[in-house]
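Coordinates in review
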Amino acid sequence: MANTSTIARDGGSPSVPARGHRGATPPRRSSGLPVRVVPYALLVPGLIVIAGLLLYPLFQMVVMSFQNVGLRQIRGVPAESVGLENYQKLVESELFWTSLRNTVVFAVVTVALTLLLGTLVGLLLHKLGKKMSTFLIVGIMAAWATPQIATAIIWRWLFDAESGVINWALNALPDWFSSLLFGRSDWTGEPWLNDAFTIYIVLIIAVVWASFPFIAVSVLAGLKSISKELYEAARVDGASAWRIFWKITFPLLKPVFAVLTVLSVIWDFKVFTQLFVLAGGTSNREAFNLSLFAFTQAFSAPPKMGMGAAIAVVLTLILLFITFFYVRQIVKTEDVR
Amino acid sequence: MTTYGRRGPRGDLQRRKRLGNIGLNTAAVLVFLFAVFPVYWMVSTAFKSSEQIFTTDFIPFPTDPTLEHVRRVFTEGVAGHSIWRYLLNSSIVALGTVLIGAVFSLLAATAVARFRFRGRTSFLILLLIVQMVPGEALLIPLFMMVRRAGLYDQLLGLIVVNVAMTLPFAIWMLRTFVAAVPKELEEAAWIDGASRFATFWRVLFPLVAPGLVATSIFSFITAWNEFVFALTLIGDQGSYTMPVALRYFVSQRSVDWGGIMAASTLMTIPVIVFFLLVQRRMVSGLVAGAVKG
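From a predicted model like this one, the values you see are computed outputs, not experimental measurements.

Each value, and the rule that gives it
Residue positions are given per chain, counting from 1 as you read along its sequence in written order. Chains carry letters and ligands carry numbers; both start at the beginning, A for chains and 1 for ligands, and go up in the order they are written. Owing to the predicted nature of the model, reporting of local features is limited to residues with pLDDT of at least 70; listing and counting of side-chain atom pairs is limited to 80 or more, with chain, interface and lining totals taken over all residues. Just so you know, side-chain values use all the structure's heavy atoms and leave hydrogens and water out. A run of H or I in DSSP becomes a helix once it reaches four residues, and a run of E becomes a strand once it reaches two; helices and strands are each numbered from the N terminus. Throughout, exposure labels follow a simple rule: accessible area from a 1.4 Å probe, protein chains only, divided by the maximum for the residue type, with under 20% read as buried, over 50% as exposed, and the rest as partly exposed. Contact definition: two residues touch when any of their heavy atoms are within 4.5 Å. For the area figures, the Shrake-Rupley method with a 1.4 Å probe applies, and any residue is considered shielded solely by the protein chains shown. Note on method: radius of gyration uses C-alpha positions; expected globular size equals 2.2 Å times residues raised to 0.38. The charge count includes Lys and Arg as positive and Asp and Glu as negative, but it does not include His or the ends of the chains. A single reference atom marks each charge: NZ on Lys, CZ on Arg, CG on Asp, CD on Glu. Among buried residues, those of type Ala, Val, Leu, Ile, Met, Phe, Trp, Tyr and Cys that are joined through side-chain atoms within 4.5 Å constitute a nonpolar core. The split into domains, and so the bounds of each, comes from an automatic or database assignment of domains. Once two parts are brought into contact, the accessible area they lose, counted with a 1.4 Å probe and summed over both, makes up the buried area. Each salt bridge in this description consists of a side-chain nitrogen of Lys or Arg and a carboxyl oxygen of Asp or Glu lying within 4 Å of one another. Axis lines are fitted to C-alpha atoms, over the contacting stretch for helices. Their N-to-C directions set the angle, which ranges from 0 to 180 degrees. The cut-offs work like this: below 35 degrees is roughly parallel, past 145 is roughly antiparallel, 65 to 115 is roughly perpendicular, and the gaps in between are oblique. Here a crossing is taken to be left-handed if its near helix is turned anticlockwise relative to the far helix by less than a right angle, and right-handed if that turn runs clockwise. Any residue outside Ala, Val, Leu, Ile, Met, Phe, Trp, Tyr, Cys, Pro, Asp, Glu, Lys and Arg is labelled polar, Gly included; the first ten of those are nonpolar and the last four are charged. One confidence number per residue, pLDDT, is output by the predictor and ranges from 0 to 100. Residues adjacent in sequence count toward polar contacts only when both atoms are side-chain atoms; beyond that, a polar contact is any pair of N or O atoms within 3.5 Å, and within protein one must be able to donate a hydrogen and the other to accept it. The span one expects for a helix is its residue count, reduced by one, times 1.5 Å. By definition, a residue's bend is the angle between the axes fitted to the seven residues ending there and the seven starting there.

Time to look at the overall build of chain A. Each helix and strand in chain A was counted, giving 15 helices and two strands. The buried share of chain A, reckoned over its 337 residues, is 54%. Sequence separation of at least 24 residues holds for 61% of the intrachain contacts in chain A that already meet a minimum separation of 6. When the accessible area of chain A is evaluated, it comes to approximately 16,000 Å², of which 65% is carbon and sulfur surface.

Shown next as C-alpha cells:
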C-alpha cells in the first residue's frame, strides 16, 4: 500500500521501492549526496577501522614474520628482512613443538568436553519446567559472565595448595574411594599449578566452566525451534529417547552444532588470559601454548618481535582454515545477499 | 491421546514421570551448583576474616563477615593505586569504546540493512572473517603501530584497539535490528518531506535504540574485560585497567586472597548484571541465523 505512492514518486521502478530509490531521479531535497553513494559514505568509518586496525596489522604481521624486529627496530630503526630464518628457527625449536602440542591437545579435549556438557545441559533446560529452567539459566549465566581474568583467579584460588577448596574436597572423600580413583588419599598441600600437566587440568576445568553455558543456551534456542509434533509422532511410534536424539534432534540441529564447534575451536585455540594467570606469567615454558609462546618471544627481554609474528602467523593460518568452514556454514544458512 | 483407559499403565506412567522429574531437577541443581559455586566462593572469600580464609577446613560462608578486605583495596590499593583508579581507567576505556563503536556500527549497519549496493555481500563476508582473526595474533603489529603513533601508555590507544576488536561483531549484530524496523515508516517520513537525516534521526534511530543498547552493552563488557592489549599497550601502573591491575595484584601479593577476591568481586559483579540484561541477544547474534532450523 505504501508502495503505490512510492511508485508514483519514483516514476515507474516498482521493483526497488525503498532500496535507495535506485534508478529514480534523485529526490529534490536530497542532502547533497547522490543516493548511489550513501551506503558507501555510511560504511567509510567502519571500513577505515577494519582496514587500518585489523587488515593492515594482519598484513604487517606477515611482513614482520620475515624480519628481524628487536629493540632497535621498536625504537624506529627500519627492520631488515631475514627471509625464512624466523620460521626455520621455529621449526627447529623444541618449544614450538611442545607449544603446538599443548595448543592442539588442549583445544581438542576442551572443545569435546564443552560441547558434551553444554549439549546435555541444553537438553536438560529444554526438559525442565519453566521455573526450574529459568533458575538454572540464571545460574549458568553467572559462570558465563565472569570475566576471563576473574575466572582464572577464582580457579587459582579453588586449586590453591594450602587453603584451596579442591584439596579439602579431595581429602574429604572416603580414603578407599580416593585411593581407588586416584591411587592416593592425602591431598594436603598438593601444588596444582607448578607442573604443566596439572596446570592444563585446571585450565581445562576453568575454560569448560566458563564456556559450557553459551553452548547450553544456544542448543536450547535450537531445540525450541524444532516443532513439538515431530517428537510426539516419534514417541507414539515408541522411539527411545536415545533414538529420538540421534534421529530427530541431532540432524535438525546440525548447523547449530557446526557453528558452535567452530566457535569453540577458535576460542580454545587462542586461549591466553586464563593460561597466563594460571601458569603464573611466562616463566613456565613447559606450559606454553602458541599464544603464550608468541607473547613471550615478542615481549620479554630481548624482544624478538619477528619470531613472535611468525608464531602468530602459524596460529592465524590454523584458525583461518577452521574459520573457512564457519563462514561457509553462515553463508549457507544466513541471508548475506 | 488418552487411549490408555485402564489404571495400571497410567499410574505406572505417572510414577515414572515423577521419578524422571526428580532426576531432572536433581541434575539441574547439580549443574547450578557447579556454575555458581566458584562465583559464590569468590564473593564469600572477599567477606571472610583472614583466619577463615587461611584454613584447610571448609567454611561454607563467612560466619563473622568483615569489610576489611574491601576497605583495604580501596585505601591501600591494588597495584600501587586505589582500586578507584583502575575502575575509572576501565570505565573510560569501556565507555570510549562504546561511544565510538556505537556511531560507527550504526552507520555501517544501516548501510548494510537498508541499501543494496555493489560489494555488500563481500563486506558481510569480510565482517565474518575478521571477527575470527584472533586479537592475540594482531598484538605484535598493533603494539608497533600504537608505539609509532605515540599512543603507548595512553588509554586512547586502548580505546582505538578495542573499537577495532568489537566493531565487526557490533555491525553484524546491529544490522538485524535495523532490518527489523519496517521500511514503510521511513518511506512515509520521506514522503512527508523529511530530509534524509531527519528520517534517520527521528524515525529509524528511536526504533533501533534498544538494539543499539544491547550491542553497546556487549561492547562494554568486551572492553571492560579485555586483558591482553591492556597488558601490552600500557606500561605505567597509573594507567592500568582493572584486569591488568588484578593480575599484577595476584603476582605481587599472591597470598592476600581476601584482597584479591574483594577486587575480583568488584570487577565481576557489574559485568554479571549487564550480562543478564543482554544475554538473549548475544546468543542470537553469535549463532547468527543457524538456529533458524
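Assigned secondary structure in chain B consists of twelve helices and zero strands. The order of helices and strands in chain B, counted from the N terminus, is α-α-α-α-α-α-α-α-α-α-α-α. Its C-alpha radius of gyration of 25 Å places chain B more than 25% over the 19 Å reference for a compact globule of 293 residues. Within chain B, buried positions represent 54% of all 293 residues. Contacts in chain B between residues at least 24 apart in sequence constitute 70% of all its contacts with a sequence separation of at least 6. Positive and negative side-chain charges of chain B, numbering 26 and 15 respectively, have mean locations separated by a distance of 15 Å.

Residues L136(A), I140(A), I153(A), M305(A) and Y326(A) are the most contacted members of the largest nonpolar core, which totals 203 residues. The dominant element in this core, judged by the number of residues it contributes, is helix α10 (residues 196–224) of chain A, at 19 residues. When residues are assigned to domains, this core turns out to be shared by domain 1 (7–66) and domain 2 (71–288) of chain B, each giving three or more. Ignoring anything within four residues of it in the chain, the contact list for M305(A) reads M64(A), V69(A), I74(A), A298(A), F299(A), I140(B), F143(B) and M144(B).

Take the domain arrangement of chain B next. Residue and element names in this part refer to chain B. When the domains of chain B are assigned, the result is domain 1 (7–66) and domain 2 (71–288). With seven residues of domain 1 in contact, the opposing surface of domain 2 contributes nine residues. With both sides pooled, the region where domain 1 packs onto domain 2 buries about 610 Å², and carbon together with sulfur makes up 85% of that total. Counting across the domain 1 and domain 2 interface gives zero salt bridges.

To continue, consider the interface of chain B and chain A. In this complex, chain B contributes 104 residues to the contact, which on the side of chain A involves 112 residues. Taken together, the two surfaces of chain B and chain A that pack against each other cover about 9,800 Å², and 78% of this comes from carbon and sulfur. Taken as a group, M132(B), I140(B) and R196(B) account for 7% of the area that chain B buries against chain A, more than any other trio of residues on that side. At the boundary of chain B and chain A, one finds zero salt bridges.

A separate point is the packing of helix α5 (residues 94–127) of chain A against helix α12 (residues 241–269) of chain A. The packing of two helices is summarised by the inter-axis angle and the distance between the axes. All names here are of chain A. Following both chains from N to C, one finds α5 and α12 inclined at 140 degrees, their axes separated by 10 Å at the closest point. Of the possible angle classes, the one that applies to α5 and α12 is oblique. Relative to α12, α5 is oriented so that their crossing is right-handed. Contacts between α5 and α12 involve T103, V104, F106, A107, T110, V111, T114, L115, T119 and L123 on the former and, on the latter, F245, F257, L260, T261, S264, V265, D268 and F269. The residue inventory of the contact of α5 with α12, partitioned by class, reads eleven nonpolar, six polar and one charged.

Okay, the confidence of the model for chain B next. All names here are of chain B. Here chain B shows a mean pLDDT of 86. Residues at 70 or above account for 91%. Per-residue pLDDT, averaged within each element of chain B, yields its smallest value for helix α12 (residues 257–287) (79) and its largest for helix α10 (residues 228–233) (95). Confidence drops under pLDDT 50 across residues 1–6; counting only partners more than four residues distant or on other chains, this segment forms three contacts. A low-confidence stretch, residues 288–293 stays under pLDDT 50, and its non-local contacts, those more than four residues away or across chains, total 15 contacts.

All names here are of chain B. Relative to the assigned elements, S49 resides in the loop between α1 (7–46) and α2 (50–53). Given the relative accessible area of 8%, S49 is considered buried. Setting aside residues no more than four positions away along its own chain, S49 makes contact with D64, T66 and H69.

Turning our eyes to something else, we now look at the side chain of E190(A). Residues and elements named next belong to chain A. With respect to the helices and strands, the residue E190 is situated in the loop between α9 (175–182) and α10. At 2.9 Å, the side chain of E190 forms a polar contact with the side chain of R184. Those residues in contact with E190 that lie beyond four places of it in its chain are A161, N167 and R184.

A few words now on unusual backbone geometry. With an omega dihedral of -10 degrees, the bond running from A301(A) to P302(A) counts as a cis peptide bond. Within the secondary structure, P302(A) sits in the loop between α14 (290–299) and α15 (305–333). Positive phi values are uncommon outside glycine, yet D153(B) reaches one of about 75 degrees. Note on placement: D153(B) falls in the loop between α6 (135–148) and α7 (155–180).

Residues and elements named next belong to chain B. With 26 residues, α7 should reach 38 Å at 1.5 Å per residue; the first-to-last C-alpha distance of 36 Å fits that figure. Along α7, the helix axis deviates most sharply at T166, where the bend reaches about 40 degrees; the proline P168 sits within four residues downstream. For α7, a buried count of 20 out of 26 residues is recorded, marking the element as mostly surrounded by other parts of the structure.

For the pair helix α2 (residues 38–64) of chain A and α7(B), interaxial distance at closest approach is 9 Å and the crossing angle is 110 degrees. By the angle class used here, α2(A) and α7(B) are roughly perpendicular. The two elements α2(A) and α7(B) cross, and the hand of that crossing is left-handed. The segment α2(A) lies against α7(B), with G46(A), V49(A), L53(A) and L54(A) engaging V160(B), V163(B), A164(B), M165(B), L167(B) and P168(B). For the contact of α2(A) with α7(B), the residue count by class is nine nonpolar, one polar and no charged.

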